[in-house]
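So you can see what is in the structure, the chains are spelled out below.
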4 protein chains.
Amino acid sequence: MPAPAARRSPTEQQRLEKALIEIFEHRIRFNETLGLKVISPDPAAPTLRFEMRESLVGHYASGRLHGGVISATLDAMGGFAIMVALAEKHADETLEQVGHRFGRVGTIDLRVDYLRQGLGKHFVASAEVMRLGGRVAATQMRLANDEGTLIATAAAAYMIS
Amino acid sequence: MPAPAARRSPTEQQRLEKALIEIFEHRIRFNETLGLKVISPDPAAPTLRFEMRESLVGHYASGRLHGGVISATLDAMGGFAIMVALAEKHADETLEQVGHRFGRVGTIDLRVDYLRQGLGKHFVASAEVMRLGGRVAATQMRLANDEGTLIATAAAAYMIS
Amino acid sequence: MPAPAARRSPTEQQRLEKALIEIFEHRIRFNETLGLKVISPDPAAPTLRFEMRESLVGHYASGRLHGGVISATLDAMGGFAIMVALAEKHADETLEQVGHRFGRVGTIDLRVDYLRQGLGKHFVASAEVMRLGGRVAATQMRLANDEGTLIATAAAAYMIS
Amino acid sequence: MPAPAARRSPTEQQRLEKALIEIFEHRIRFNETLGLKVISPDPAAPTLRFEMRESLVGHYASGRLHGGVISATLDAMGGFAIMVALAEKHADETLEQVGHRFGRVGTIDLRVDYLRQGLGKHFVASAEVMRLGGRVAATQMRLANDEGTLIATAAAAYMIS
């Protein structure tokens, strides 16, 4: 039996979270286009947020979020949940090793249920990892507005390694 | 039995298509953020196109489309297919009457299957209306790159009136 | 302003639940083929149950539920959740009026996520109504085995009236 | 470069198809419950068929197929399409080796779009494999009645090896 692998030190974990947020908010360019910000990288309850802006609107007269903003945000939310779950599962790995895993995550499919109109000043996305297998993972996601009204739910499957 | 309603004249139809393209490409703000352009408003084979741009990329090092761009484009594609199908079905209605119908279309849900990496210089989306009922409609969508490689497929359901 | 409608009496409500269970378990023939039994018709937490049987197995050597049993059960579960939600929403209506609504419920679409192998002695399905609009409703469903292990989740959309 | 592997002889291919049909129609018990019969095991256009029977009906008064029969059949159809596609892709493998691959196929998720009422004397399911990767596969499925009316479409993702 191998000796249990050493978990990351608090300093290393902090460095990893900082790097992960930098990647997610800026290097993933379209997330920047959407204005996504990480509220919490906690694997138990990862959350994102973005502000309503004119460039995200469906028909200009309605002032509602474009459905595509909702699906894109929930897609990104699921991916972020997978990233933090992988970082926790492989807590004995270095930032570089975990980064390598991130690069190999692939979305298999996504389903979005649009429940209510996308009206609000800002929006909060959250996710739950339903299964984290060796090859495939599944997540469920939610989008609510600034008043806590549920706007949409989603589910996605991912290839992981 | 009422007299059969007069169909739009060629001039009216042209005016309607022009208005529809103006709404779709510009007034639906997020479509402009994505850079979506109407290639064909033909109800039998509606198609859209957009150019690869850095703001649409997933991880900056990969150069691949963000999954959210794919889902957002296919969401918009399905909506556009519904719009042109409604305009054809209600060919006896004025631009204003049809426009009123557009405002009442609501996406119920969307599923996207990501088949291959989003690599290419530009991308072409197409759609087929599978059912156009009195209250609910269903579409299937496809996204291919500039070499014709199928990147993703999708299906969506809509409330219509 | 009309006077508030009278809610069903406890006796009428009991009669309605009994009729609803009779319809669900027996008159909906394929539910009988699956062996579905109503555990609770409570709109807040409707639940079903069925026993493992050889006729429900995928490959005979595996002893696991066929994926189609899982999707069929979750489809039936979502429909049952809509039925009890409609009966509660229209608590001023007679059994006949509510029965008429049941006959007009139509599933628009269904997505099932298969999380773990369908192994167990019996299985319990549950559902939550995410939205009950005037024309469209949405549900989320779960299937667990006799040990409480989550086997599958699902989401569906329905036309209602 | 290795020598190209020998493909199965016509006799071996026939034996494989016969075994595959035996497994699909009988050893997969719930397929027998549904009454599914293989019409064609051709990987280019695999098709199934089943007869309307009272045990497959939704509400007894309607005479329509239960939604769960539709989802279960399309689930089985997608799995069958994967089986014949794997048998063709690995045409250099023995029946035993291919059989081992079948046992490891797992459905990740399924989406069904219900387009029209399930009315008919018999029903025909067909499928197309959209992608057959090394680890994940995707299919699209259709169900039509004896008059060729499209009843439902579906899409599914599978883990393969």
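Located above this text is the structure these notes cover.
Everything in this summary refers to the structure shown in the same document. Model, not experiment: these values are computed from the prediction.

### A short note on the sheet that holds strand β3 (residues 106–114) of chain A
What the 12 strands build is an open sheet, ordered β1(A)-β2(A)-β4(A)-β5(A)-β6(A)-β3(A)-β3(B)-β6(B)-β5(B)-β4(B)-β2(B)-β1(B); its pairing is antiparallel. Either end of the sheet is taken by a strand with one partner, and the two such strands are β1 (37–40) of chain A together with β1 (37–40) of chain B. Mean inter-strand twist for the sheet, computed between neighbouring axes without regard to direction, equals 25°. Docked against the sheet, helix α3 (residues 67–89) of chain A engages β1, β2 (47–51), β3, β4 (122–132), β5 (136–145) and β6 (150–159) of chain A together with β3 (106–114) of chain B, running at close to 45° with respect to β4 of chain A.

### A short note on the pattern of salt bridges
Evaluated as defined, the whole model comprises 27 salt bridges over all chains. Across the salt bridge formed by Asp 109 of chain A and Arg 111 of chain C, the nearest N and O atoms sit 3.2 Å from each other. Of this pair, Asp 109 of chain A sits in strand β3 while Arg 111 of chain C sits in strand β3 (residues 106–114), each in a different chain. Like Asp 109 of chain A, the residue Arg 111 of chain C is buried in the burial classification.

### Quick look at the interface of chain B and chain C
At the interface, 9 residues of chain B touch 9 residues of chain C. A buried area of about 800 Å², summed over both sides, lies between chain B and chain C, and 58% of it is on carbon and sulfur atoms. Taken as a group, Arg 135, Val 136 and Met 159 of chain B account for 55% of the area that chain B buries against chain C, more than any other trio of residues on that side. Between chain B and chain C we count 0 salt bridges in total. The interface formed by chain B and chain C contains 2 residue pairs in polar contact (both at pLDDT 80 or more). Broken down by secondary-structure element, the contributors of at least two residues to the side of chain B that touches chain C are β3 and β6 (150–159) of chain B. Ranked by residue count, the leading element in the side of chain B that touches chain C is β3 of chain B, at 3 residues.

### Observations concerning empty space enclosed by the protein
Within the structure shown, the criterion is met by 3 cavities of 30 Å³ or more. If you add up the space inside the largest cavity, you get close to 50 Å³. What lines the largest cavity is simply Arg 131, Val 136, Ala 137 and Ala 138 of chain B, Ile 108 of chain C together with Asp 113, Tyr 114 and Leu 115 of chain D. Of all elements in the fold, only β5 (136–145) of chain B together with β3 (106–114) of chain D reach the threshold of two or more residues within the lining of the largest cavity. The dominant element in the lining of the largest cavity, judged by the number of residues it contributes, is β5 of chain B, at 3 residues. For the lining of the largest cavity, the per-class residue count stands at 6 nonpolar, no polar and 2 charged.

### Section: the relation of the copies chain B and chain C
The operation relating chain B to chain C is a screw motion whose rotation component is 180°, with 0.0 Å of axial translation and a residual RMSD of 0.0 Å. Taken together, the rotation and translation relating the two chain copies correspond to the operation of a two-fold axis.

### What to know about the pairing of β3 of chain A
Within β3 of chain A, 8 of the 9 residues are buried, leaving the element largely enclosed by the surrounding structure. Where β3 of chain A and β6 of chain A come together, 8 bridges link them in antiparallel fashion. Paired with Asp 109 of chain A across the strands is Ala 157 of chain A, a residue of β6 of chain A. Where β3 of chain A lies against β3 of chain B, 5 bridges are found, and the strand directions are antiparallel. Note on β3 of chain B: the bridge partner recorded for Asp 109 of chain A is Asp 113 of chain B.

Cut-off values and rules
Within any chain, residue numbers begin from 1 and follow the written order of that chain's sequence. Each chain takes a letter, starting from A, and each ligand takes a number, starting from 1, following the order in which they are written. Local features in this predicted model are restricted to residues of pLDDT 70 or higher, and side-chain atom pairs are both shown and tallied only at a pLDDT of 80 or more, whereas totals for entire chains, interfaces and linings draw on every residue. Each side-chain value is derived from all of the structure's non-hydrogen atoms; neither hydrogens nor water enter the calculation. Paired strands, as defined in this entry, are two strands with at least two bridges between them according to DSSP. What counts as a helix is a DSSP run of H or I of at least four residues, what counts as a strand is a run of E of at least two, and both are numbered from the N terminus. The convention used is that axes are lines fitted to C-alpha atoms, helices contributing only their stretch in contact, and that angles between N-to-C directions extend from 0 to 180 degrees. Here, residues are in contact when the closest pair of their heavy atoms is within 4.5 Å. Salt bridge, as used here: a side-chain nitrogen of Lys or Arg that lies within 4 Å of a carboxyl oxygen of Asp or Glu. For each residue, the accessible area found with a 1.4 Å probe, counting protein chains only, is set against the maximum for its type, and the residue is called buried under 20%, exposed over 50%, and partly exposed in between. The term buried area denotes the loss of accessible surface (1.4 Å probe radius) that occurs when two parts are joined, taken as the sum for both partners. N or O atoms within 3.5 Å of each other form a polar contact, as long as, within protein, one can give a hydrogen and the other can take it, and as long as residues adjacent in sequence are counted only when both atoms are side-chain atoms. For cavity detection a 1 Å grid was placed over the protein atoms alone, and a set of points counts as a cavity when a 1.4 Å probe fits there but cannot get out; an open set counts as a pocket when protein lies on both sides within 12 Å along at least five of seven lines, with lining residues being those that have an atom within 4 Å of a point. Grid points are joined across faces, edges and corners, and a volume is the space filled by probe spheres set on the points. Side-chain classes follow a simple rule in which Ala, Val, Leu, Ile, Met, Phe, Trp, Tyr, Cys and Pro form the nonpolar group, Asp, Glu, Lys and Arg form the charged group, and the remainder, Gly included, forms the polar group. Residues below a pLDDT of 70 in either copy are left out; the C-alpha atoms of the rest, at least 70 in both, set the least-squares superposition of the copies.

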